[in-house]
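# A look at the structure
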Amino acid sequence: MNIAIAKPKLGRDSKAFLAKKHRMFIDGKWVEAKSGQTFPVEDPATQETIGQVPAGDKADIDLAVAAARRAFEGKAWSRMLPADRAKLVWRIGDLLEKHADEFAELEALDNGKPVTNARRDDIDGSIGMFRYMSGWATRLNGETIPVSSKGNWHCYTMREPVGVVGQIIPWNFPLMMAAWKLAPALAAGCAIILKPAEQTPLTALRFGELLQEAGLPDGVVNIVTGFGETAGAALANHDGVDKVAFTGSTEVGKLIVKAAAGNLKRVSLELGGKSPAIVFPDADLDKAITGTASAIFYNQGQCCTAGSRLFAHRSIYDKVVEGMVERATKIKVGHGLDPSVELGPLVSKEQHTKVAGYIESGRKDGAAIATGGHVIGNQGYFVEPTVLTKTSRDMKVVREEIFGPVVCVQSFDDDDLEAVAKFANDTEYGLQASIWTRNLKTAHTLARKIKAGTICVNNHNYGDAAWPFGGYKQSGWGREMGKEVMENYTETKSVAINLG
Ligand code: NAI
Ligand code: MG
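Residues numbered from 1 in each chain as written. Chains lettered and ligands numbered in written order. Predicted model: local features only at pLDDT ≥ 70, side-chain atom pairs only at ≥ 80, totals over all residues. Heavy atoms only, no water.

Here we come to the environment of Lys-113. Mapping Lys-113 onto the fold places it in the loop between α5 (100-111) and α6 (115-134). Spatially, the C-alpha atoms of Lys-113 and Ser-14 are 16 Å apart, while their sequence positions differ by 99 residues. At 2.6 Å, the side chain of Lys-113 and the side chain of Asp-122 are in polar contact. One polar contact links the side chain of Lys-113 to the main-chain carbonyl oxygen of Asn-172, over a distance of 2.8 Å. (Helix = DSSP H or I, 4+ residues; strand = E, 2+ residues; numbered from the N terminus. Polar contact = N/O pair within 3.5 Å; in protein donor to acceptor, adjacent residues only side chain to side chain.)

This is the structure we're talking about:
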């Protein structure tokens, strides 16, 4: 396995940010945790500590929720004209664009992901999210309702911001997950407490500085760094929070639902996946192989949409496996800050141990390892891109989300699309599926039959700010992006006027 851990080179701005003492952002001020505690942030490629951030907990969440409530009710935010809110949200995108290279570097360093991907996908994706969502600020209109009640009525609806929102996000796309959550909530006029993942808090904190520069009123966005069991749980449980938006594991998603029961706060969830990628014999095989390899190896396999179950028709199965193996062995692995690197380390020791454990369980259950199968070196959390064959539906590696660069390939020999849909749907998840074919009927028929929130034909991991995204079954509740996300951050108020 080809691996080069070059000494990371950082630009001046990233270095300056890393040299700072990191604080949390509450009520427009940069503060330490009430407890005074901090925790270390690690470069997952070298295991070096690259900073300390405040370990916020319930006491800090209480302050942040109170600040968000004041901001939500306060004139500066609640009376801001929609067009001015739109301008503000747009301006945040502009500021991000100005600092794009710095953010890409910090993301690559903190998460481990290749800086080239971070710049292209995470940062540009976040900029695009603020620009797209800014337009919704001026478009949240209600409707007049032609009612049939006796009398003379004028009935209409209004859309109002849902209120104080807790947003708990994961580490796989740290800034982009913040953008997916913050941009629509700001466009709707909510006030927010954002809790970044403990593994990757840096870009959220740097982003807080941009929010301040953009001129957001104090308390509209509060950023509390801390652990899930303390800060996250306090936010999900808080009676002062009207809505919680969560992205992360299905396991914690269920805890969020329980915590929300206290005050019946609204909940939206983006959870795990075990997405099928299905390759038919009539597909452009070169593109299908490149595309399905990227579906699982992109972001080290740490994508909720990762194409972790690859189904290849029997007549092309050997070719597909061979192509995947070739792609896996050619991937350049190394420190994410090296612009030529395609696969970085996993985010943490925990994920490294977990993914290695899954590979081991596949091996024990009788899967064959076509390539990969090992962790790499003894520094950093690297894992070989791994292709497992001879896998079957009952194996843990086929049923559970691995969240690493590990794909299970299975063959199918049934041309009945009903049967194909059945094995694609043989999972408790339903986030995404990709279908690789040149046949329109196959594509559209399967798009209808597969129970997943997003269907990609001749591509995988598609995303766009205007394209609604979310899961069926245990992959979540609600949709992010597109106009659908505005449902997450607004309440509909119905007004009936008796005109007598
Ligand atoms: P996690 O679900 O524990 O963490 C996600 C976020 O939730 C983090 O901000 C964390 O601090 C917070 N959190 C954790 N426990 C909480 C609690 N009790 N109350 C409130 N917030 C809480 O995910 P983790 O442990 O980092 O990764 C475990 C597995 O989850 C991964 O191997 C992967 O399978 C899955 N995952 C899925 C993601 C997705 O995009 N759907 C993203 C990250 C992880
Ligand atoms: Mg966890």
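Don't stop here, the text continues.
Turning to the pattern of salt bridges, a few remarks are in order. Per the counting criterion, the structure on display carries 32 salt bridges. As a salt-bridge pair, Lys-58 and Asp-62 come within 3.1 Å of each other at their nearest N and O atoms. Highlighted residues: Lys-58 and Asp-62, both in helix α2 (residues 58-73), separated by 4 residues, approximately one helical turn. Of the charged contacts, one joins Glu-102 and Arg-206 as a salt bridge, the two residues approaching to 2.7 Å between their closest N and O atoms. (Salt bridge = Lys/Arg side-chain N within 4 Å of Asp/Glu carboxyl O.)

This part covers the domain arrangement of the chain. Under the domain assignment used here, the chain contains domain 1 (2-271 + 476-494) and domain 2 (276-465). Centre-to-centre separation of domain 1 and domain 2, based on C-alpha positions: 30 Å. Carbon and sulfur atoms make up 57% of the surface buried where domain 1 meets domain 2, a total of about 3,000 Å² over both sides. Where domain 1 packs against domain 2, one counts 0 salt bridges. Run the count over domain 1 and domain 2 and you get 11 residue pairs in polar contact (both at pLDDT 80 or more). (Domains from an automatic or database assignment. Buried area = accessible area lost by both parts, 1.4 Å probe.)

This brings us to unusual backbone geometry. For Leu-264, which is not glycine, the phi torsion reads 50 degrees and is therefore positive. In this structure, Lys-473 takes a positive phi of about 45 degrees despite not being glycine. Relative to the helices and strands, Lys-473 is located in strand β24 (residues 472-473).

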